[in-house]
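# Observations on the model geometry
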Amino acid sequence: MGEPVRASELPSVSALAYLGDAVHSLDMRRRAVLLGLSHAEDLHRFVTGYVNAAAQSRMAAALLPRLTEEERAIFRRAFNSRHLQRPKHMSIADYRRATGFEALLGMLSCLGREMRLAELLEAAYQSEKEDKKSDTED
């Protein structure tokens, strides 16, 4: 892969969200394998439990207080993008938060901020894991 881009050269928020979706999916696939999952159905179920707009929206909400001003700015730009077409099965707010989450991950990846990316991915994973745990306890 090439050198990280400068913040002033970042692509559009839709391109960042596209990249961020792949970054998040790869992170969750890595976690699934490291957890010892090996059957295709188990791997798929685990990953899709985290890589979907509803889960990403919850993760974004949990991360917002931790974000820097620069990170909040990219999140807001993606959230407010006029080019979003939400799926019929979810609220526009959830879909916009999920898109902001993906754009944030895409930005950090483009800028080569791997440590910050890993930190936020871990925090997002832990918050969603706790949310899933509390759902099963209810």
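Described below are features of the structure shown in this document. Treat the numbers as computed from the prediction; the structure is a model and nothing was measured.

## Concerning the packing of helix 1 (residues 13–34) against helix 5 (residues 92–110)
Their axes nearest at 6 Å, the elements helix 1 and helix 5 cross at an angle of 85°. What the angle tells us is that helix 1 and helix 5 run roughly perpendicular. In contact with Val 13, Leu 16, Ala 17, Leu 19, Gly 20, Asp 21, Val 23 and His 24 of helix 1, helix 5 contributes Thr 99, Phe 101, Glu 102, Ala 103, Leu 105, Gly 106, Met 107, Ser 109 and Cys 110.

## Remarks on the packing of aromatic side chains
This structure, assessed with the given rule, holds three aromatic pairs. Consider the rings of Phe 46 and Tyr 50, whose centres lie 5.1 Å apart with planes at 45°: the pair is tilted. Of the two residues, Phe 46 and Tyr 50 both sit in helix 2 (residues 40–50), four residues apart, roughly one turn of that helix. Judged by relative accessible area, Tyr 50 falls into the buried class, the value being 5%. Relative to Phe 79, the ring of Phe 75 has its centre 6.1 Å away and its plane inclined at 25°; by these criteria the two rings are stacked.

## A few points about the environment of Leu 67
Its place among the elements puts Leu 67 in the loop between helix 3 (53–63) and helix 4 (69–79). Once the C-alpha coordinates of Leu 67 and Leu 108 are considered, the two residues, 41 residues apart in sequence, prove to be 12 Å apart. Setting aside anything within four residues of it in sequence, one finds Leu 67 in contact with Arg 72, Leu 104, Arg 116 and Leu 120.

About the thresholds
Residues numbered from 1 in each chain as written. Predicted model: local features only at pLDDT ≥ 70, side-chain atom pairs only at ≥ 80, totals over all residues. Heavy atoms only, no water. Axes fitted to C-alpha atoms, helices over the stretch in contact; angles between N-to-C directions. Helix = DSSP H or I, 4+ residues; strand = E, 2+ residues; numbered from the N terminus. Parallel < 35°, antiparallel > 145°, perpendicular 65-115°, else oblique. Contact = heavy atoms within 4.5 Å. Phe/Tyr/Trp six-rings, centres within 6.5 Å; stacked < 30°, edge-to-face > 60°. Buried < 20%, exposed > 50% of the residue type's maximum accessible area, 1.4 Å probe, protein only.

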